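# Observations on the three-dimensional arrangement
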Amino acid sequence: MSFVQAAAELGNQYRDDRVLRSHLQRCLPAPMRDSIAPELDELGAHAALAWQRERGRSACEPQLTPWDSQGNRIDRIELTPAWIESRGLAARLGLVAAGHEDTYAQHGRTHQFALVYLHHVASAFFTCPLAMTDGAATCIKAAANTELLARAWPRWLSRDPEQFWISGQWMTETPGGSDVGNSETEARQDATGQWRLYGRKWFTSAVQADTALALARPAGAGPGAESLSLFYLEPRDAQGRWQGVQINRLKPKLGTRELPSAETELVGIAGTPVNGIGHGVRSIAPMLNVTRSWNAVCAIATLRRALALARDYATRRRAFGKLLAEQPLHQATLADLQADFEAAFQLTFEVVGLLGRAQHDQASDDERLLLRLLTPLAKLWTGKLAVAITSEAIECFGGAGYIEDSGLPQLLRDAQVLPIWEGTTNVLSLDVLRVLRQPAALDSWRRALDRLLDAVGAAELKNAAAAVRTQAMSLPTAIAALAAEPARLEAAAREIAL
Ligand code: MFK
Ligand code: FAD
């Protein structure tokens, strides 16, 4: 019998995660930590179990049945078992609710995103509609829309699986995903004054969601982003039948295959304005910023999973007479990846902490600006890292990592969406520039770096932090120097952001 290599194994993903545990230890009051530990432990165990269960069989995909046997258009979508399971689990553990409830005040976001971080990989991208639901709730709260706060808010934040609603985010169209100002979908008022939407949405993920927020141009409004409006939709009736919506197809995607992403025709679906008529992009911005934070959290969850597997495998695989974990170069390779992961974790949970503080009116003006600046930065950097590190983790398994039923290729395919949706790397770099051009943002950035430097203990870290500070402080001069040459400034945006 020839040699058979043992596969990588995962333990409880909460108990094994030194970085998460020490962050919670540092940031949360002890009674809160004790009270949330059982939920974190449950998700940590679930993550390991789901990995054992799912690995080795290729992901099943949702199926669309457009017509019934009699020729009626039904557009029935069958979801995968992981998706059906995730909905109940998400409601029960409050993966959306925890971010908005007052139980833990400004620490609520840290609680919520610790749960999300532990659950993301096992959720088969059910975190996508959860992110959009959180974003939708944040949006209608920012708009102070009392009608929608009464109707949708309690459902989106419900912990009862029977009551829990999820939401979609219907922005992207064929002429504009980044440049949504090109949107063609039109909103018209019918004889009763009801707004109805007509047009094609090119990417609608979790299309079977109970609600969606969609951008559309009121008939007769001018071109561009400013004249778009934001509408709240309920795409299906109480019996689950589509109302004013047709599903053209489910997209055949590189990854995120259990997530039903559809091409959708709006044929008169009723819409309620979220924030009056006009300024639709500004109205949906709170949603974008929240979903971008989710994206960063899900990216670091992906990094952590790839590394947990690579590190475990290094304790099982031998080469040249030693375990990989004993080979100096392999140790250094893993250590570099771990350092990148830990930096990404700290940045992302800094954003999460700031979000919680801002939401509970505990954030200073500096912190609010910092949150606005760090959100796109965290999203763009962690998205890129997720792709690079899942790729490197595959290499850590040699040829075995390239084989589908090792479970690793799916991690890489899934990671590739993270830099694309919710704003590509370039679009977010330009968003960073949008913020940095406000003089107040640079001052706030400078003060934040000062505080960071003050907090750094070890001498060698102080030197490194000072070097970062010097580099960052050169930004205002660089931006000012390029102000007269907008094309050069834009061309440098990614470099500035990274
Ligand atoms: C795994 C789980 C995680 C994630 C799940 C997600 C699943 C969903 C997948 C999706 O991809 S949903 C679609 C996401 N689409 C995007 O993210 C669009 C990307 N494009 C941009 O972000 C553009 O920058 C944007 C459309 C927002 C702006 O384009 P414009 O037409 O050039 O508008 P403009 O004039 O720059 O901004 C309009 C207003 O919005 C301005 O305010 P004022 O009118 O008051 O001046 C901006 O300051 C404001 N604004 C823009 N971005 C903002 C913002 N305000 C706050 N925060 C922002 N991020
Ligand atoms: P484009 O905007 O055409 O971008 C093409 C390239 O041009 C990118 O590299 C971009 O960085 C670059 N670029 C664009 N503008 C600039 C600029 N000014 N300067 C420099 N470079 C620029 N959208 C939704 O609304 N709802 C959803 O539920 C949803 N789900 C999705 C699910 C998946 C799996 C995927 C892949 C996408 C989904 N999207 C969704 C769409 C997604 O948000 C868009 O694909 C994304 O915003 C990019 O838009 P685009 O595809 O039109 O690319």
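Once a new chain begins, its residue numbering starts again from 1 and follows that chain's sequence as written. Chains and ligands are labelled sequentially in the order written, the chains with letters from A and the ligands with numbers from 1. Given that the model is predicted, a residue must reach a pLDDT of at least 70 before its local features are reported, and side-chain atom pairs must reach 80 or more before they are shown or counted; all residues, however, enter totals for whole chains, interfaces and linings. Working from all heavy atoms in the structure, the side-chain values ignore hydrogens and water.

## Describing the side chain of glutamate 234
Stated formally: Strands here mean DSSP runs of E at least two residues long; helices mean DSSP runs of H or I at least four residues long; both are numbered from the N terminus. Three labels apply to residues, based on accessible area from a 1.4 Å probe with only protein chains included: buried if under 20% of the type maximum, exposed if over 50%, partly exposed otherwise in between. Each polar contact in these results corresponds to two N or O atoms within 3.5 Å; when the atoms are within protein, one needs to be able to donate a hydrogen and the other to accept it, and residues that are neighboring in sequence are counted only if both atoms are side-chain atoms. Only heavy atoms matter for contacts: two residues are in contact if any of them lie within 4.5 Å across the pair.
Within the secondary structure, glutamate 234 sits in the loop between strand 7 (229-233) and strand 8 (245-250). Looking at glutamate 234, the relative accessible area reads 19%, which means it is buried. Only 2.5 Å separates the side chain of glutamate 234 from the side chain of arginine 151, close enough to count as a polar contact. Of note is the side chain of glutamate 234, whose polar atom sits 2.6 Å from the side chain of tyrosine 232. The contacts of glutamate 234, once residues within four sequence positions are left out, are Arg151, Trp165, Asp210, Thr211, Gln243 and Ile269.

## Considering the site of ligand 1
As a reminder of what qualifies: Nearness is judged by heavy atoms alone; a residue qualifies as near a molecule or strand once a single heavy atom is within 4 Å of it. To be clear on the numbers: accessible area is Shrake-Rupley with a 1.4 Å probe, and residue cover counts the displayed protein chains and nothing else. In the scheme used here, Gly and all other residues not listed as nonpolar or charged are polar, with Ala, Val, Leu, Ile, Met, Phe, Trp, Tyr, Cys and Pro taken as nonpolar and Asp, Glu, Lys and Arg as charged. The source of the domain bounds is an automatic or database domain assignment.
Within the structure, ligand 1 sits among 28 residues, and Ser178, Asn289, Arg292, Glu422 and Arg434 are positioned closest to it. Between serine 178 and ligand 1, the recorded distance is 2.9 Å, taken from a backbone N or O atom to a nitrogen atom. The contact in question runs from an oxygen atom of ligand 1 to an N or O atom on the side chain of arginine 292, over 2.9 Å. Protein chains shield 77% of the accessible area of ligand 1, which is 1,200 Å² for the free molecule. Broken down by secondary-structure element, the contributors of at least two residues to the shell around ligand 1 are helix 5 (127-143), helix 8 (280-314) and helix 12 (425-436). In the shell around ligand 1, the residues fall into 14 nonpolar, eight polar and six charged. For the shell around ligand 1, the two domains that each supply at least three residues are domain 1 (18-54 + 93-123 + 282-426) and domain 2 (167-278).

## A few points about the side chain of glutamate 258
Among the secondary structure elements, glutamate 258 is positioned in the loop between strand 8 and strand 9 (261-273). For glutamate 258, the side chain forms a polar contact with the side chain of threonine 80, separated by 2.6 Å.

## Quick look at the domain arrangement of the protein
Stated precisely, the cut-off is as follows: Note on terms: buried area is the combined drop in 1.4 Å-probe accessible area of two parts once they are placed together, counting the loss on both. Whenever Lys or Arg places a side-chain nitrogen within 4 Å of a carboxyl oxygen from Asp or Glu, that contact is recorded as a salt bridge.
Domain parsing of the protein yields domain 1 (18-54 + 93-123 + 282-426), domain 2 (167-278) and domain 3 (437-497). Taking only C-alpha atoms, the centre of domain 1 and the centre of domain 2 are 30 Å apart. In this assembly, 13 residues from domain 1 lie in contact with 15 residues from domain 2. Buried surface at the junction of domain 1 and domain 2, both sides included, amounts to about 1,100 Å², of which 62% is carbon and sulfur. Its largest share of buried area at the contact with domain 2, domain 1 owes to Ser283, Ile284 and Arg413, together 45% of the area lost on that side. The salt bridge partner of glutamate 226 is arginine 282, with a shortest N-O separation of 3.3 Å. Scanning the region where domain 1 abuts domain 2 turns up five residue pairs in polar contact (both at pLDDT 80 or more). Going through the elements one at a time, helix 8 and helix 11 (408-415) are the ones with two or more residues in the side of domain 1 that touches domain 2. Among the elements that take part in the side of domain 1 that touches domain 2, helix 8 stands out by supplying six residues, more than any other. Here the side of domain 1 that touches domain 2 is built from residues that sort into five nonpolar, four polar and four charged.

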